[in-house]
Amino acid sequence: MTNTKKLYIKTYGCQMNVYDSERMAEALEVGGYEQTQDMDEADMILLNTCHIREKAAEKVYSDLGRLKPLHDAKPDLKIGVAGCVAQAEGQEIMRRQPMVDLVVGPQTYHRLPEMMKEVNAGRQALDTDFPEEDKFNLLPKRELPARNPSAFLTVQEGCDKFCAFCVVPYTRGAEVSRPAARILKEAQALVDRGVREITLLGQNVNAYHGHKGGLAGLIWDLAEIEDLKRIRFTTSHPNDMDDALIDAHGTCEKLMPYLHLPVQSGSDRILKAMNRKHTADAYRALIARIREARPDLMFSGDFIVGFPGETDEDFEATLQLVRDVHYGQAYSFKYSARPGTPAAEKPDVPAEIAHERLQRLQALLTEQQYQTQSDMVGRTVNVLFEKQGRQEGQLIGKSDYLHAVHAVAPVDMIGTVQPVRITKSMTNSLTGQLISD
Ligand code: SAH
Ligand code: SF4
Ligand code: F3S
C-alpha cells in the first residue's frame, strides 16, 4: 500500500504553461502527489489556465462546471486553478465555483506544498502575489527522468511592453530574467537525463538580460554543452532582435533555423494603436537582415485581425506584409477585448467583418504553409526523433525547421538526430526516408 495521491493537470495556453505544469507537478511530488493521465482516478485536479482571449478564459469555467458531477461523487477530490486566469480573477473563481479549493498565480506556485497543507485541512487557499523571491530558485531540483528528448526551459518571464490588446503584462507581471548560471545548470541536468533539444522560453525571450551577452550570450554558453544538439527560443519581439542574436543565427550551428517573430498587423496605423513601437517596413527590413545571416531560416508569426479601428485598407496591408515575408507557419486570431487593457475601451470591428478577414488571412497563411512544406519534398533534413508513431516501425520527430516528420526507423534512434529525405508532404506533417550510411 502506498500513500501516494494522484494528480491530474490540464494545461491551457502557451508553452510557458506547459513548462509551469511540469514544475508544478514536481513541486507537488514533494507533497506526495504522483501525476496521472486519467482524470477519473485523480485525488487532485489542477487546471493551468490562459487568459489571453475571452474564449480561453471562459473555457475554464465551463470545464469547472463539467467537473462538478465528479466532485459530487467524490467529495474528497481537490480542485485547483493555476495560471493566468487565476492571476487575473483570483477570488472571483471561488465565488463563481465554490468547490474550487485552491487558486495559485504563475509567480507563486513554488508555495504549492504549503498551500496544499491548508487545502488538506479543509480550507481554501489563494495566492496571487508577485513575490520578491525567485520561484525557480525555491522549486525542487529537476531530477525526474526526462520523458522527451525535447524540453522547454523558462529563462525570462513577464512583459513590460504593454501592447494595447494584451493581458500578459498584468497576468505575468514585469519582465524578469533568470541568472544565466542557474539556467545553464538546469539545462545540463536536462541533458544528463536525455534531453537533446531545449527551447528557451520567455514572453519576451530576446529581451533576456540575465547574461552580459544577452540572449545570444546565453545561447553560445548553452551550445558548449556537448550532448545538447539543438537550441530554439520563443517568443521574440521584433524590437529586441539585436545584432548579436541575428549573427548567432548565421554562426551558431546548434541554433535552429526557425524563428517565431510576431508582428500582429501590417498597417502602421494599427501597429501604432497597438503600441507595438515599430512600423511594417522596419519589420520587413529586420526579416531581410535575419535572412541575410541565415538564408534558409523559416519564419513563423502571430496576427490579430479586427483590432478596434481596423479598416479594409489596414487589413489589406496585413495581407501584403504576409505576401512579402512568406511564413512557413503562423497563428492568427480574431481580436478579443480583454478587461483592463487600453484597447478594450474602443469600439469593436463588427463580428462578421472580423470573421471574414480571419478566413482570408488564414487561407493565405495556409497556402504559404503548404508551399513551404512541399518545397521540403526531395530535400534531406535533420530530424530529432522524439517518439514512436502510430504506424508500426515508424518514429516521429522534428526537422530543424520544426516540421513534424514521420519515418520508418529503429526505436533506439529516439533521442538522436538523423538525416531524412523528405518524400511526401501531408496537411500538418512530412514523411521521409532515413538515409543510412
Ligand atoms: N509574448 C508573446 C505572445 C503573447 S500571446 C508575444 O509578444 O508575441 C500570443 C499571441 O496571442 C499574441 O502574439 C497575439 O497575436 C495574440 N493575442 C494576444 N492578445 C490578444 C487579444 N486580446 N485578442 C486576440 N489575440 C491576442
Ligand atoms: Fe503581450 Fe505585447 Fe508583451 Fe507580447 S510583447 S506579451 S503581445 S504585451
Ligand atoms: Fe495565456 Fe498566460 Fe500564456 S495568458 S498565452 S497562459 S502567458
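Scroll up a little and you will see the structure.
None of the values given here were measured: they were computed from a predicted structure. (Residues numbered from 1 in each chain as written. Chains lettered and ligands numbered in written order. Predicted model: local features only at pLDDT ≥ 70, side-chain atom pairs only at ≥ 80, totals over all residues. Heavy atoms only, no water.)

## Considerations on the overall build of the chain
Helix and strand counts for the chain stand at 14 helices and 19 strands. For 437 residues, the compact-globule formula gives about 22 Å, and the C-alpha radius of gyration of the chain, at 22 Å, lands near that figure. For the chain, the spread of C-alpha atoms along the three principal axes comes to 60 × 60 × 45 Å. Buried residues in the chain amount to 53% of all 437 residues. Long-range contacts, defined as pairs at least 24 residues apart, comprise 71% of the intrachain contacts of the chain with a sequence gap of at least 6. Here the chain displays about 19800 Å² of accessible surface, and carbon together with sulfur accounts for 50% of that area. When the 52 positive and 62 negative side-chain charges of the chain are each reduced to one mean point, those points stand 2 Å apart. (Helix = DSSP H or I, 4+ residues; strand = E, 2+ residues; numbered from the N terminus. Rg over C-alpha atoms; globule rule 2.2 N^0.38 Å. Buried < 20%, exposed > 50% of the residue type's maximum accessible area, 1.4 Å probe, protein only. Contact = heavy atoms within 4.5 Å. Areas by Shrake-Rupley, 256 points an atom, 1.4 Å probe, with all protein chains shown as cover. Lys, Arg positive; Asp, Glu negative; His and termini not counted. Charge placed at Lys NZ, Arg CZ, Asp CG, Glu CD.)

## Notes on the site of ligand 1
Taken together, the neighbourhood of ligand 1 is formed by 14 residues, with F165, Q203, Q264, D302 and S336 sitting nearest. R53 has a polar side-chain atom sitting 3.2 Å from an oxygen atom of ligand 1. Separating an oxygen atom of ligand 1 from a side-chain N or O atom of D302 is a distance of 2.6 Å. For ligand 1, the accessible surface in isolation is 530 Å², of which the surrounding protein chains cover 89%. Of all the secondary structure elements, the ones that give two or more residues to the shell around ligand 1 are β13 (298-305) and β14 (329-334). Of the residues in the shell around ligand 1, the class split is 6 nonpolar, 4 polar and 4 charged. (Near = heavy atom within 4 Å. Polar contact = N/O pair within 3.5 Å; in protein donor to acceptor, adjacent residues only side chain to side chain. Nonpolar A, V, L, I, M, F, W, Y, C, P; charged D, E, K, R; others polar.)

## A few points about the sheet that holds strand β11 (residues 230-234)
One open sheet holds the 3 strands; their spatial order is β7-β10-β11, and the pairing between them is parallel. Lying at the two open borders of the sheet, with one neighbouring strand each, are β7 (150-154) and β11. Taken pair by pair, the neighbouring strands of this sheet meet at an average axis angle of 25°, ignoring direction. Across the sheet, helix α1 (residues 15-30) lies against β7, β10 (197-201) and β11, angled at about 95° from β7, the strand it touches most. Packing against the sheet, helix α9 (residues 214-223) makes contact with β10 and β11, and its axis sits at approximately 155° to β11. (Pairing = 2+ DSSP bridges. Axes fitted to C-alpha atoms, helices over the stretch in contact; angles between N-to-C directions.)

## Description of the environment of T171
You can see T171 is positioned in helix α7 (residues 168-171). Residue classification places T171 among the buried positions, given a relative accessible area of 1%. With 12 residues separating them along the chain, T171 and C159 place their C-alpha atoms 9.5 Å apart. With sequence-adjacent residues up to four places away left out, T171 is seen in contact with H51, C84, Q87, A88, P106 and F130.

## Let's talk about the packing of aromatic side chains
Applying the stated criterion to the full structure yields 5 aromatic pairs. Ring plane angle 85° and centroid distance 5.4 Å describe the contact between F303 and Y327, whose orientation is recorded as edge-to-face. Separated by 24 residues along the polypeptide, F303 in strand β13 and Y327 in the loop between α13 (312-325) and β14 bring together distant segments of the chain. As far as the burial class goes, F303 and Y327 line up, both buried. Where F307 meets Y335, the ring centres are 5.4 Å apart and the plane angle is 70°; that geometry is what we call edge-to-face. Here F307 is found in the loop between β13 and α13, whereas its partner Y335 is found in the loop between β14 and α14 (351-376), with 28 residues between them in sequence. Overall, the relative accessible area of 0% leaves F307 in the buried class. Accessibility expressed as a relative area gives 11% for Y335, which makes it buried. (Phe/Tyr/Trp six-rings, centres within 6.5 Å; stacked < 30°, edge-to-face > 60°.)

## Details of the packing of helix α10 (residues 243-251) against helix α12 (residues 280-293)
Angle between the axes and distance between the axes: these two values describe a pair of packed helices. Here α10 crosses α12 at 40°, and the two axes come no closer than 7 Å. Judged by the angle between their axes, α10 and α12 are oblique. Contact residues: D243, I246 and G250 in α10; L286, R289, I290 and A293 in α12. Of the residues contributing to the contact of α10 with α12, the split by class is 4 nonpolar, 1 polar and 2 charged. (Parallel < 35°, antiparallel > 145°, perpendicular 65-115°, else oblique.)

## Section: helix α8 (residues 180-192)
The end-to-end C-alpha separation of α8 is 18 Å, in line with the 18 Å expected for 13 residues at 1.5 Å each. Among the residues of α8, those classed as buried are A180, I183, E186, A187, L190 and V191. Buried residues of α8, seen end-on, are gathered within an arc of 140° and therefore sit on one face of the element. Exposed residues pointing more than 90 degrees away from the buried face of α8 are listed as A181, K185 and D192. Looking at the buried side of α8, the elements it contacts are α1, β7, β10 and α9. Phi for G194, located one or two positions after α8, is positive at around 100°. (Expected span 1.5 Å × (residues − 1). Arc of directions from axis to C-beta.)

## Regarding the sheet that holds β13
Taken in spatial order, the 3 strands make up an open sheet running β12-β13-β14, and their pairing is parallel. A strand with exactly one partner marks an edge of an open sheet, and here the two such strands are β12 (258-260) and β14. Averaged over all pairs of adjacent strands, the angle between strand axes in this sheet comes to 10°, irrespective of strand direction. Note: β12 against β13, 3 bridges, orientation parallel. When the bridges of β13 are listed, L259 appears paired with F299. Contacting β13 and β14, α14 crosses the sheet at an angle of about 175° to β14.

## Quick word on the side chain of D101
Inspection of the secondary structure puts D101 in the loop between α4 (91-96) and β5 (102-104). No salt bridge is formed by the buried D101. Its closest oppositely charged neighbour is K78, at 4.9 Å. If we skip the residues at most four places from it in the chain, D101 touches L77, K78, I79, M94, V119, R123, Q124 and A125. (Salt bridge = Lys/Arg side-chain N within 4 Å of Asp/Glu carboxyl O.)

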